[in-house]
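# Coordinate inspection notes
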Amino acid sequence: MKAIVYTKFGPPEVLQLQEVEKPTPKANEVLIKIYATAVTKEDPDMRASPGFNGFLKPRNPILGQELAGEVEAIGRGVTRFKPGDQVFGIDSFGAYAEYKCMPENGALAIKPANLSYEEAASVPNGALTALPFLRDKGKIQSGQTVLIYGASGSVGAAAVQLAKYYGAEVTGVCSTANLEWVSSLGADRVIDYTQEDFTENGKTYDIIFDTVGKRSFSECKGSLTDKGIYLATVPTPVMMLQALWSAKGGRKKVKFAATGLRPASAKSKDLVFLTELIEAGKIKPVIDRCYPLEQMAEAHRYVEQGHKKGNVVITVGTTDKKQGEKI
Ligand SMILES: NC(=O)c1ccc[n+]([C@@H]2O[C@H](COP(=O)([O-])OP(=O)(O)OC[C@H]3O[C@@H](n4cnc5c(N)ncnc54)[C@H](OP(=O)(O)O)[C@@H]3O)[C@@H](O)[C@H]2O)c1
């Protein structure tokens, strides 16, 4: 099968299209023929430098977390899926390829019927981050005021839509070019961070969700209501201490989570929930650009600029889409 492989850390050129062995599912696994994957914010980081994916060389030579495709074969113990099922899901590695095996109890679910494979592959990363932050950490309630900082990113765009679904009054913060687009996702108000610092406008919010790690609790504390909660996807050591301290007694709280480390069972349950929301038209996938697998390096170059709008999707297999083409 074809896969994008890298054997050393470095610039986008280390990503090479290669022929590698097609995997065989174990007893508890499904073999998925991947039709679409995505380049998340973390992928270029893991490509460029030692860290999460090894130190001397990449521990997993095939990157790629999100996927959508069709179950081609199943292990003898599998009962949850059958060949022909159209699925979507997320794993830590291995989705920049034509095939991947996943445990049947992995973060995998039947894909929303009304989405293309490209659209389905764009959902898990952002939505499976925004949902546990807002629902489980923020305990979001209808009628609350919620500010989403970085509303145009993968996590932010999902957060705006989910906060609206939960009945909140949503303010999205983004740059000038994305104001209209963030409004179209359902934000009641938008603030252009290049023109206005929301912490100075005197308004307060029940939840401030910094999805992009550009603000701090100290800066935002004055913009929280009396029992307001500050959610951070990218906590600093200071914020972690503030979270510990505020959990004990402070009225305004800081909370963070490592949503990727949640059990696969919790993620797959949430994928089913998200599917219901998507099929009911309550939330929609957001795709900035789509690249064919062969143009992975180009996709990485775009994502690492840090200004993608929602998600960057990769079409795997037969495609007539051009490099960077919008879908
Ligand atoms: N804790 C966890 O469990 C967890 C899970 C998933 C992700 N994360 C982290 O969450 C962060 C966001 O992920 P993501 O996938 O949403 O990233 P992303 O899609 O790459 O974010 C891109 C967006 O960030 C916006 N942005 C850049 N600089 C900004 C600024 N100064 N102020 C406001 N917005 C700004 C950009 O908007 P403009 O073009 O308008 O600037 C762009 O739309 C990443 O650092 C990721 O590693 C954490």
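Let us look at the overall build of the protein. Across its full length, the protein holds 9 helices and 15 strands. Compactness check: the protein gives a C-alpha radius of gyration of 20 Å against a globular reference of 20 Å for 327 residues, within 12% of the reference. With respect to the principal axes defined by its C-alpha atoms, the protein has extents near 60 × 40 × 35 Å. Per-residue burial over the protein gives 53% buried out of 327 residues. Once local pairs closer than 6 in sequence are excluded, the contacts in the protein between residues at least 24 apart make up 68%. Carbon and sulfur atoms form 52% of the exposed surface of the protein, whose accessible area is close to 14500 Å². Considering the protein, the positive charge centre built from 41 side chains and the negative charge centre built from 37 side chains are found 6 Å apart.

The domain boundaries assigned to the protein delineate domain 1 (2-123 + 285-315) and domain 2 (126-260). Taken over C-alpha atoms, the centre of domain 1 sits 28 Å from the centre of domain 2. Each partner contributes to the interface: domain 1 provides 8 residues, whereas domain 2 provides 12 residues. Each partner contributes to the roughly 710 Å² buried at the junction of domain 1 and domain 2, and carbon and sulfur atoms together form 57% of this total. On the domain 1 side of the contact with domain 2, V123, V286 and K309 bury the most area, a combined 58% of that side's loss. Applying the counting criterion to the domain 1 and domain 2 interface returns 0 salt bridges. Linking domain 1 to domain 2 there are 3 residue pairs in polar contact (both at pLDDT 80 or more). Residue composition of the side of domain 1 that touches domain 2, grouped by class: 3 nonpolar, 3 polar and 2 charged.

A few words on empty space enclosed by the protein. Within this structure, the stated rule accounts for 1 cavity of 30 Å³ or more. Taken as a whole, the largest cavity encloses approximately 110 Å³ of empty space. The wall of the largest cavity is formed by 14 residues, among which V123, A127, A158, K284 and P285 lie closest to the centre. Of all the secondary-structure elements, those providing two or more residues to the lining of the largest cavity are α3 (124-137) and α4 (154-165). Taken together, the residues of the lining of the largest cavity sort by class into 8 nonpolar, 5 polar and 1 charged. The residue makeup of the lining of the largest cavity includes at least three contributed by each of domain 1 (2-123 + 285-315) and domain 2 (126-260).

Quick look at the nonpolar core now. Counting 48 residues, the largest nonpolar core has L134, V146, I148, V160, L162 and F209 as its most contacted members. Considering each element in turn, this core owes the most residues, 7 residues, to α4. Residues from two domains meet in this core; each of domain 1 (2-123 + 285-315) and domain 2 (126-260) gives at least three. If we skip the residues at most four places from it in the chain, L134 touches K139, I140, V146, A159, L162, A163, I207, F209 and L231. Counting 38 residues, the second largest nonpolar core, distinct from the first, contains I4, V87, Y99 and A299.

What follows covers the environment of A299. Note on placement: A299 falls in helix α9 (residues 296-303). Its relative accessible area of 0% is what places A299 among the buried residues. Residues A299 and P12, 287 residues apart in the sequence, show an inter-C-alpha distance of 8.8 Å. Setting aside chain neighbours within four positions, we find A299 in contact with V39, Y291, V312 and I314.

Attention now goes to the side chain of R47. Summarising the element assignment, R47 is placed in helix α1 (residues 42-48). Within polar-contact distance, the side chain of R47 engages the backbone oxygen of G10 at 2.8 Å. At 3.1 Å, the side chain of R47 and the side chain of H300 are in polar contact. If we ignore the near neighbours within four places in the chain, the residues touching R47 are Y6, K8, F9, G10, P11, P12, V14, L15, L63, H300 and E304.

Think of a ball as big as a water molecule: rolled over the atoms, this probe shows where empty space is left. Quantified by volume, the largest pocket comes out at close to 1600 Å³. If you go around the largest pocket, you meet 50 residues; those closest to its centre are K41, E42, N125, T129 and V155. Broken down by secondary-structure element, the contributors of at least two residues to the lining of the largest pocket are α1, β6 (99-103), α3, α4, β9 (169-174) and α8 (264-279). In terms of residues, the lining of the largest pocket owes the most to one element, α3, which gives 4 residues. Looking at side-chain class alone, the lining of the largest pocket contains 22 nonpolar, 20 polar and 8 charged residues.

Reading the values: the criteria
- Residues numbered from 1 in each chain as written.
- Predicted model: local features only at pLDDT ≥ 70, side-chain atom pairs only at ≥ 80, totals over all residues.
- Heavy atoms only, no water.
- Helix = DSSP H or I, 4+ residues; strand = E, 2+ residues; numbered from the N terminus.
- Rg over C-alpha atoms; globule rule 2.2 N^0.38 Å.
- Buried < 20%, exposed > 50% of the residue type's maximum accessible area, 1.4 Å probe, protein only.
- Contact = heavy atoms within 4.5 Å.
- Areas by Shrake-Rupley, 256 points an atom, 1.4 Å probe, with all protein chains shown as cover.
- Lys, Arg positive; Asp, Glu negative; His and termini not counted.
- Charge placed at Lys NZ, Arg CZ, Asp CG, Glu CD.
- Domains from an automatic or database assignment.
- Buried area = accessible area lost by both parts, 1.4 Å probe.
- Salt bridge = Lys/Arg side-chain N within 4 Å of Asp/Glu carboxyl O.
- Polar contact = N/O pair within 3.5 Å; in protein donor to acceptor, adjacent residues only side chain to side chain.
- Nonpolar A, V, L, I, M, F, W, Y, C, P; charged D, E, K, R; others polar.
- 1 Å grid on protein atoms, 1.4 Å probe; cavity = no way out; pocket = protein on both sides within 12 Å on 5 of 7 lines; lining within 4 Å.
- Points joined across faces, edges and corners; volume = space filled by probe spheres on them.
- Core = buried A, V, L, I, M, F, W, Y, C linked by side-chain atoms within 4.5 Å.

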